[in-house]
Amino acid sequence: MQLVIVESPAKAKTIEKYLGSDYRVLASYGHVRDLPPKDGSVDPDDGFAMLWENYADKAKQLKAIADLSKTAERLILATDPDREGEAISWHVQEVLRNRKALPKDVQRVTFNAITKQAVTEAMARPRELDTDLIDAYRARRALDYLVGFTLSPVLWRKLPGAKSAGRVQSVSLRLIVEREREIEAFRAQEYWSVIADLEHDGTPFVARLVQWEGKKLDRLSIGGEGDALKAKTAVEDGRFSVQTVETKPTTRNPPPPFTTSTLQQEAARKLGFSADHTMRIAQQLYEDGAITYMRTDGVQMDHSAISAARLAVANRYDASYVPDKPRQYQTKAKNAQEAHEAIRPTDFGRDKVGSGDHARLYDLVWKRALASQMASARMERTTVELSEGTGRHVLRATGQVVLFPGYLALYEEGQDDSADEDARRLPRLREGDAPAKKAVNAEQHFTQPPPRFSEASLVKRMEELGIGRPSTYASIIKTLKDRAYVQVEKNRFKAEESGRLVTAFLERFFPKYVGYDYTAELEDELDEVSGGRAGWQAVLDAFWRDFKPLTTEVMEQQPSAITAELDQFLAPYLFPDKADGTDPRLCPNCNVGSLALRGGKFGAFIACSNYPECKYTRRFAQPGGEGEDSVPESLGKDPETGLPVERKSGRFGPYIQLGEGKEAKRASIPKDIPELDLEWALKLLSLPRTIGTHPETAEPITASIGRYGPYLAHAGKYARLTSTADVFETGMNAAVVKLAEAAAGGGRPQRGAAAPLKVLGAHPRTEAEIRLMEGRYGPYVTDGETNATLPKTIQPDALTLEEAAQLIDARAAAAPSKSKKKVVKKAPPKKAPAKATGTKLAAKKPAAKKAG
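Within every chain, residues take consecutive numbers counted from 1 along the sequence as written. Note on the predicted model: pLDDT of at least 70 is required for a residue's local features to be given, and 80 or more for side-chain atom pairs to be given and counted; whole-chain, interface and lining totals, by contrast, use all residues. Working from all heavy atoms in the structure, the side-chain values ignore hydrogens and water.

1. Here's the deal with the overall build of the protein chain
Quick note on the threshold: Helix and strand definitions here come from DSSP, where helices need a minimum of 4 consecutive H or I residues and strands a minimum of 2 consecutive E residues; each element is numbered from the N-terminal end. Classification of residues uses two cut-offs on accessible area relative to the type maximum, computed with a 1.4 Å probe and protein chains only: under 20% is buried, over 50% is exposed, and between them is partly exposed.
Looking only at helices and strands, one finds 22 helices and 32 strands in the protein chain. Within the protein chain, the fraction of its 852 residues that count as buried is 46%.

2. Considering the pattern of salt bridges
Our working definition: Salt bridge, as applied in this entry: a Lys or Arg side-chain nitrogen positioned within 4 Å of an Asp or Glu carboxyl oxygen.
Under the counting rule described, the total for this entry stands at 40 salt bridges. A salt bridge links R344 to E341, with the shortest nitrogen-to-oxygen separation between them at 2.4 Å. On the basis of relative accessible area, E341 is assigned to the buried category, the value being 14%. In this structure, E565 and R508 form a salt bridge, with 2.8 Å as the shortest nitrogen-oxygen distance. One end of the pair, E565, is in helix α17 (residues 559-569); the other, R508, is in helix α14 (residues 497-509), and 57 residues separate them in sequence. Taking the relative accessible area as the measure of exposure, E565 reaches 31% and is therefore partly exposed. Three or more residues joined by partner-sharing salt bridges are found here, namely R140, D144, R167, R469, E523, D524 and D527.

3. Some details on the sheet that holds strand β19 (residues 603-608)
Worth spelling out the cut-off: The pairing criterion for strands is at least two bridges between them, as found by DSSP. The angle between two axes is taken between their N-to-C directions and runs from 0 to 180 degrees, where each axis is a line fitted to C-alpha atoms and a helix contributes only its stretch in contact.
The three strands are arranged β18-β19-β20 in an open sheet whose pairing can be described as antiparallel. Across the chains shown, the open sheet's two edge strands, defined by having one partner strand only, are β18 (595-600) and β20 (617-619). When the angles between neighbouring strand axes are averaged without regard to direction, this sheet yields 35°. One ladder, built from six bridges, connects β18 with β19; its direction is antiparallel. Within β19, the position partnered with L595 by the bridge is C608.

4. What to know about empty space enclosed by the protein
Applied cut-off: Residues are said to line a cavity or pocket when one of their atoms sits within 4 Å of a point; the points come from a 1 Å grid over protein atoms alone, cavities being sets where a 1.4 Å probe fits but cannot get out and pockets being open sets with protein on both sides within 12 Å along at least five of seven lines. Grid points are joined across faces, edges and corners, and a volume is the space filled by probe spheres set on the points. Amino acids outside the nonpolar list (Ala, Val, Leu, Ile, Met, Phe, Trp, Tyr, Cys, Pro) and the charged list (Asp, Glu, Lys, Arg) are all regarded as polar, and Gly is one of them.
Following the criterion strictly, the structure yields two cavities of 30 Å³ or more and no others. Volume-wise, the largest cavity comes out at about 110 Å³. Taken together, 13 residues line the largest cavity, and the ones lying closest to its centre are V147, G166, R167, Y513 and V514. Breaking the lining of the largest cavity down by element, the ones donating at least two residues are α5 (131-158), α15 (516-530) and α16 (536-555). Broken down by class, the residue content of the lining of the largest cavity amounts to nine nonpolar, three polar and one charged. Put simply, the second largest cavity is a space of about 40 Å³.

5. Some details on the sheet that holds strand β1 (residues 2-6)
Backbone-to-backbone hydrogen bonds pair the strands of a sheet. The strands run either parallel or antiparallel. Pairing is parallel across the open sheet formed by four strands, whose spatial order is β2-β1-β7-β8. Two strands lie at the open edges of the sheet, namely β2 (23-27) and β8 (105-108), each paired on one side alone. Ignoring strand direction, the axes of neighbouring strands in this sheet form an average angle of 20°. Across four bridges, the pairing between β1 and strand β7 (residues 74-77) is parallel.

6. A few points about the packing of aromatic side chains
What counts, and what does not: In this analysis, rings of Phe, Tyr and Trp, with Trp reduced to its six-membered ring, are considered paired at centre separations within 6.5 Å, and the interplanar angle assigns stacked below 30 degrees, edge-to-face beyond 60, and tilted for intermediate values.
This model, assessed by the stated rule, comprises 16 aromatic pairs. An angle of 80° between the planes, with centres 5.9 Å apart, marks the rings of W52 and W90 as edge-to-face. Linking W52 in the loop between β5 (49-50) and β6 (53-54) with W90 in helix α3 (residues 83-98), this pair joins segments that are 38 residues apart in sequence. Taking relative accessible area as the criterion, W90 reaches 11% and is therefore assigned buried. Both rings, one in Y513 and one in Y518, keep their centres 5.4 Å apart while their planes meet at 85°; by these two values the pair is edge-to-face. Joined through ring pairs, the aromatic side chains of F505, F509, F510, Y513, Y518, F543, W544 and F547 make up one cluster.

7. A short note on helix α9 (residues 275-287)
Applicable threshold: Expected span of a helix, by definition, is 1.5 Å for each gap between consecutive residues, and there is one gap fewer than residues. Any two residues whose heavy atoms approach within 4.5 Å are treated as being in contact.
With 13 residues, α9 extends 18 Å between its outermost C-alpha atoms, agreeing within 8% with the 18 Å of an ideal straight helix rising 1.5 Å per residue. Counting buried positions along α9 yields ten of 13 residues, so the element is predominantly enclosed. Among the residues of α9, A275, H277, T278, M279, I281, A282, Q283, L285, Y286 and E287 are the ones counted as buried. Of the surrounding elements, those touching the buried residues of α9 are α1 (9-18), α8 (260-271), α11 (356-371), α12 (455-465) and α13 (470-482). Looking one or two places after α9, you find G289, whose phi comes out positive at around 80°.

8. Quick notes on the side chain of Q657
Counted only if it meets this: What qualifies as a polar contact is a pair of N or O atoms within 3.5 Å, subject to a donor-acceptor requirement within protein and to the restriction that residues adjacent in sequence count only when both atoms come from side chains.
Within the secondary structure, Q657 is located in strand β23 (residues 653-658). Given the relative accessible area of 2%, Q657 is considered buried. At a separation of 3.0 Å, a polar atom in the side chain of Q657 contacts the main-chain carbonyl oxygen of G659.

9. A closer look at the packing of α8 against α12
Here is the rule: Should an angle fall under 35 degrees it is called roughly parallel, over 145 degrees roughly antiparallel, and 65 to 115 degrees roughly perpendicular, with every other angle called oblique. Crossing handedness: left-handed means the near helix sits turned counterclockwise from the far one by under a right angle, and right-handed means the same turn made clockwise.
Viewed as axis vectors pointing N to C, α8 and α12 meet at an angle of 160°, and their least axial separation amounts to 8 Å. In terms of orientation, α8 and α12 fall into the roughly antiparallel class. Judged by the twist between their axes, the crossing of α8 over α12 is left-handed. The residues of α12 that touch α8, namely those facing S261, Q264, Q265, A268 and R269, are E455, A456, V459, K460 and E463. Of the residues in the contact of α8 with α12, the class split is three nonpolar, three polar and four charged.

10. Here's the deal with the nonpolar core
Looking at soluble globular proteins, one finds that nonpolar side chains tend to be buried together. What counts, and what does not: Side-chain atoms within 4.5 Å are what join buried Ala, Val, Leu, Ile, Met, Phe, Trp, Tyr and Cys residues into a set we call a nonpolar core.
Grouped together as the largest cluster of nonpolar side chains are 156 residues, with contacts concentrated most on F111 and F505. Sorting elements by how many residues they give to this core places α5 first, with twelve residues. Grouped together as the second largest cluster of nonpolar side chains are 24 residues, L676, I691, F728 and L739 included.

11. As for the side chain of R344
Mapped onto the secondary structure, R344 falls in the loop between α10 (303-316) and α11. Within polar-contact distance, the side chain of R344 engages the side chain of E341 at 2.4 Å. Discounting residues that sit within four places of it in the chain, R344 has contacts with A290, I291, T292, M301, D302, A305, V365 and A369.

12. Quick notes on the pairing of strand β27 (residues 709-714)
A large share of β27 lies buried, amounting to five of its six residues. In the sheet, strand β26 (residues 700-706) pairs with β27 via five bridges, with the strands oriented antiparallel. Bridge pairing in β27 links G706 to G709. As consecutive antiparallel partners, β26 and β27 are separated by two residues. Pairing analysis gives four bridges linking β27 to strand β28 (residues 717-720), with the strands arranged antiparallel. Bridging from a neighbouring strand, Y711 pairs with R720 of β28.

Have a look at this one:
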């Protein structure tokens, strides 16, 4: 019997169909062990020795693999064809060696696609494990561990509210924060354009004024309305005729097939997928045998695939769409260790696979790969200049005509933030023609700040800078979201105050380690390890030699000194110069104290030096005092009690307060309230609202807003509402229906069966669904079998899937094994108890164990 090990059960099931009865295929369910999250897992003083620990939830799977391995003639490690796949194979081999279950014959096979041909050919060409790839994996894993477990404690102790830092995560966050700074520093500049609406032979087109009174114009030349109106009048009064017509033939070549990075970018642009979602769907398409391996930097395709693509093009179109020679693409990626074949369909004859998101992503992969072997598009780009009689004023019109669509008939690459202004249609014009003038418009514009990063543009920028590797981008972006360092608004990343503060801290105290060049150089060094040109321990030693003393030095500083340094570092952002020349740090409340950055239990904030006489504070993320602060805003008085109703801002955000002191009533302000006024404030302060009595139970039904949003409550059962307005508008009939639906769909039909606060996703190792629940003693996570309470250090809103999985794994490992339940002997009948004498009976001592 020959034992084959792969990562996933889906992959195992597919491969087992292609192999004979002599083969058994088992899944490891991804990595089987890792560095335990505690100090000492990597020992720099012992050559960076690593202490590996098996995942608790993999015990059953590892036992099954070990049991079969003991009787197998050959062990075939067939995990994915990249560094992570090599590492998984190595981990499995080491676990089996430690259990003395490793066969003498151990081989490694890789295949780029899960098809019968690819699998059988790979089985015929086995090799040994690639020690260079394994060393590169160990170096990266140790680096990430050392940075995370050395730098994160510094953040926790010196920067309240910070959650974690990472080798690549922090540098990626810096990109987003710096873009936010650029946007805030941007000052819009007014400019005007003069556009003429023209028509010739029934075809309308537009022309822009490019020369006025003999001077050539650029975009910002006309800066005010007065000049714009003068220029408009000049165009209206002039009689323009065609002076020159310049036509240039151009071609556009198709882009290469997808790499990991370009797939993530295009799926974000065209499908709205996050990088994480794209990779998850692509993984499933790969395991189903629909596409080739999806973690790659290569753009080349196998010769047989190129032939199949060219044949598919000829069948779909005609011979003119097939180029004379097959197209060959060369990867530009520095790290050739992952330069496998590009992402492509395994069968170009299948233009549809699956449904929903699977079908949409497959369609994108299929079209891109097929288009890469199609003929170039041929176009004609035309520039027409029109001049009036004196030659002092000139209009210009540009456009293009597609002569032959070529690959554009099937696929056109998306753009992030630009559009082709030359892609307009123009009529056929000749010198001397005088198009009819329909209208002339002077249009006001303002220069725009650089756009915030989308997932596509962030991935593109990270790749350009050499930060991280494409296979890690999805997890990096997900971590930034999960840590609440960024928020996503209209598919764009906006840095949160916690993200900005962490970035400022790292830029001030660890500038080298969030440097773009340094991070890229370190990636290159790790690639040298992959290629066998550098030793992994030497790379780690060079890093640790400088990094460790720096963290020690920062850790020894007092938090107040850290805050003072950050106050100076962030001064241009927090206290920008004012137009009137007044002191930007002067307290707006008392006009005496000076504002400065302060650190508190719940994070950084701005406070007045005149405390306690002046209690003015402002949230950290309020540059220059723009936005909410702690100076209350009066909304009016409660007509019933006459008490003041004020809008305030606290450490947890804005809230409403009725009255003063300990007796004051408070309510948070939901984000979906269009405009807060006294009426809304009183409604929020009146909650919970009693809707009525349930017709079946005679118990009251109430509506309110809780920690996780608006909800209905009735006799210990709950139902979610979609908006704050629903809290005040939901009637009895709708409430009864919603409660019934919630109970039927997992509400609380029985005691303890609460609706999940959030479904986090599939456990990365067991694939069981992990849910976040609200329990009697606080929030907890469950996979249906094991419940794990959330530590107080983890906020439910910031909980990640991996953290939840680790909590469940740790709880499962700590629990007694179900298979080893203690046998409880039935106690003999007790004698009648003695009458109480006022003293406690002595506990029976256990029998002493026999020596020896």
